[in-house]
Amino acid sequence: MHVDIGKLRKLGEAKSSRIIVALDDLPGGVSPQSIDIFLEEIAKYVVGIKIGLPLVLAMDISDVAELIGRFKGDFYFLADFKLADIPSIVKKELSLIERNGFDGAILHLFPLGLEEVLNDKDNISLDVFGLVAMSHPEARLLDQHFGDLLEYSTRLSLSGVVLPATKPELIQKARKYLPPRYTIISPGIGAQGAEPGTALKHGADFEIVGRMLTMSRDPRDVAEKIVEEQRRWLR
Ligand code: XMP
């Protein structure tokens, strides 16, 4: 398992941006053509593309794999299927995610027992991010176990963790607690209420932005403005 997520960091430095786009939908719907136009539009300002079930269920997985192949050099591709199964299935899922061209994947940490999958370096070379808290205000059960999940994340060979920009105090606590090599990626910017730059200001490394960009009439302009704000907080 990679703990140093070279590609994500290198693209972030090269573009002087910390945006990962959540590509769940586009105004006219998703197709290989509409996605190509969108990605070419934002390529200068965006480092990563997060793909989850909404896109995979709207398109064929072969279209998704081809899309990743076309843009592999331009973006870091992150699979957000929030995996939460028994270790042997998670191992299989991670290997299939990697086979489809993704650079990284997000999984839940609460099923525990993930050591046998993640701490064996021969298993997989994908970057893996553990989810320790969620942006929604009602995600209270996760919030109650924040300390345990954070501690558990350090016992796994993870590339980093996912923490919400809508709860910046959790990002701050995690940044102080986690080893510096852990990359913090943070959703909740824009449609869910957090301002661009909020997560970076509190110690995150990348901000995940969905509808604010994907549903905009002028995504290039929005991306440029987000990056301008982020550049105030680059470490
Ligand atoms: P919007 O449109 O709200 O999209 O900017 C957010 C994207 O991020 C995902 N999401 C989360 N993923 N922890 C996660 O791992 C969270 O707390 C969280 N909140 C939102 C969501 O699936 C969408 O793709």
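All figures in this text were calculated on a predicted structure; none of them were measured in a lab.

## So, the environment of Ala14
Then step 1. The topology assignment puts Ala14 in helix α1 (residues 6–15).
Then step 2. In the structure, Ala14 is positioned 146 residues away from Gly160 in sequence and 20 Å away in space, judged by C-alpha atoms.

## Points about α1
Then step 1. Among the residues of α1, Gly6, Leu8, Leu11, Gly12 and Lys15 are the ones counted as buried.
Then step 2. Elements that come into contact with the buried residues of α1 comprise β1 (19–22), β3 (76–83), β5 (127–131), β7 (183–189) and β8 (206–209).
Then step 3. Positive backbone phi, at 50°, marks Ser16, one or two positions downstream of α1.

## A word on the UniProt feature "binding site: substrate" (unreviewed entry) in the protein chain
Then step 1. Taking the numbering used here, the UniProt-annotated feature "binding site: substrate" (unreviewed entry) corresponds to Lys50, Gly210 and Arg211. For the residues just named, distributed over 162 residues, the greatest C-alpha separation is only 12.3 Å, placing them together at one site. Of the annotated set, the members that line the largest pocket are Lys50, Gly210 and Arg211.
Then step 2. With respect to the helices, strands and loops of the structure, Lys50 is situated in strand β2 (residues 48–52).
Then step 3. Look past the residues within four positions of Lys50 in its chain and what remains in contact with it is Ile20, Val21, Ala22, Leu23, Leu78, Asp80, Ile106 and Ile208.
Then step 4. Note that Arg211 resides in helix α11 (residues 211–214).
Then step 5. For Arg211, a relative accessible area of 53% gives the class exposed.
Then step 6. Setting aside chain neighbours within four positions, we find Arg211 in contact with Ala191, Gln192 and Ser216.

## Brief notes about the site of the ligand
Then step 1. In the vicinity of the ligand lie 16 residues, with Asp24, Lys50, Ser135, Gly210 and Arg211 positioned nearest.
Then step 2. Measuring from a nitrogen atom of the ligand, one finds a side-chain N or O atom of Lys82 at 3.3 Å.
Then step 3. Interatomic distance of 2.8 Å between a backbone N/O atom of Gly210 and an oxygen atom of the ligand.
Then step 4. In the complex, 88% of the free accessible area of the ligand, which totals 510 Å², lies under the protein chains.
Then step 5. In this structure the site holding the ligand corresponds to the largest pocket.
Then step 6. Of all the secondary structure elements, the ones that give two or more residues to the shell around the ligand are β3 and β7.
Then step 7. Here the residues of the shell around the ligand are counted per class, giving eight nonpolar, three polar and five charged.

## Quick word on the pairing of β8
Then step 1. The alternating pattern of β8 places Phe206 and Ile208 on one face and Glu207 and Val209 on the opposite face, and all of these are buried.
Then step 2. The sheet contact formed by β1 and β8 spans three bridges and is parallel. Bridge assignment links Val21 to a residue of β8, and that residue is Val209.

## Concerning the UniProt feature "domain: Orotidine 5'-phosphate decarboxylase" (unreviewed entry) in the protein chain
Then step 1. Following the UniProt record, one finds the feature "domain: Orotidine 5'-phosphate decarboxylase" (unreviewed entry) at residues 18–226.
Then step 2. Counted over residues 18–226, helix gives 40% and strand 20%. Its end C-alpha atoms are 9 Å apart.

## Observations regarding the pattern of salt bridges
Then step 1. Throughout the structure, instances matching the rule amount to 14 salt bridges.
Then step 2. In this structure, Asp205 engages Arg9 in a salt bridge whose closest nitrogen and oxygen atoms are separated by 3.8 Å. In this pair, Asp205 sits in the loop between α10 (198–201) and β8 while Arg9 sits in helix α1, placing the two residues 196 residues apart along the sequence.
Then step 3. Arg155 is paired through a salt bridge with Glu115; the nearest N and O atoms lie 3.9 Å apart. On the criterion of sequence distance, the pair formed by Arg155 in the loop between α8 (146–153) and β6 (160–162) and Glu115 in helix α6 (residues 115–118) is long-range, its members being 40 residues apart.
Then step 4. Under the relative-accessibility criterion, Arg155 is labelled partly exposed at 45%.
Then step 5. One salt-bridge network, held together by shared partners, links Lys7, Lys72 and Asp103.

## Description of the nonpolar core
Then step 1. One finds Leu39, Leu94 and Leu163 to be the most contacted residues of the largest nonpolar core, which totals 79 residues.
Then step 2. For this core, the element with the highest residue contribution is β3, accounting for five residues.
Then step 3. Filtering out sequence-adjacent residues up to four positions away, Leu39 remains in contact with Leu23, Ile49, Leu67, Phe71 and Phe75.

## Description of the layout of surface pockets
In this approach the atoms are scanned with a rolling probe the size of a water molecule, which exposes any empty space left behind.
Then step 1. Here the largest pocket defines a volume of roughly 490 Å³.
Then step 2. Lining the largest pocket are 26 residues, and of these Ala22, Asp24, Lys50, Pro187 and Gln192 lie nearest its centre.
Then step 3. Within the lining of the largest pocket, the residues separate by chemical class into 14 nonpolar, six polar and six charged.
Then step 4. Looking at the second largest pocket, its volume works out to about 180 Å³.
Then step 5. Around the second largest pocket, the lining residues are Arg9, Glu13, Arg18, Leu200, Ala204, Asp205, Phe206, Trp233, Leu234 and Arg235.
Then step 6. Residue composition of the lining of the second largest pocket, by class: five nonpolar, no polar and five charged.

What counts and how
Residues numbered from 1 in each chain as written. Predicted model: local features only at pLDDT ≥ 70, side-chain atom pairs only at ≥ 80, totals over all residues. Heavy atoms only, no water. Helix = DSSP H or I, 4+ residues; strand = E, 2+ residues; numbered from the N terminus. Buried < 20%, exposed > 50% of the residue type's maximum accessible area, 1.4 Å probe, protein only. Contact = heavy atoms within 4.5 Å. UniProt positions renumbered as here; feature names shortened; annotations may be inferred. 1 Å grid on protein atoms, 1.4 Å probe; cavity = no way out; pocket = protein on both sides within 12 Å on 5 of 7 lines; lining within 4 Å. Near = heavy atom within 4 Å. Polar contact = N/O pair within 3.5 Å; in protein donor to acceptor, adjacent residues only side chain to side chain. Areas by Shrake-Rupley, 256 points an atom, 1.4 Å probe, with all protein chains shown as cover. Sits in = over half its atoms within 2 Å of the grid points. Nonpolar A, V, L, I, M, F, W, Y, C, P; charged D, E, K, R; others polar. Pairing = 2+ DSSP bridges. Salt bridge = Lys/Arg side-chain N within 4 Å of Asp/Glu carboxyl O. Core = buried A, V, L, I, M, F, W, Y, C linked by side-chain atoms within 4.5 Å. Points joined across faces, edges and corners; volume = space filled by probe spheres on them.

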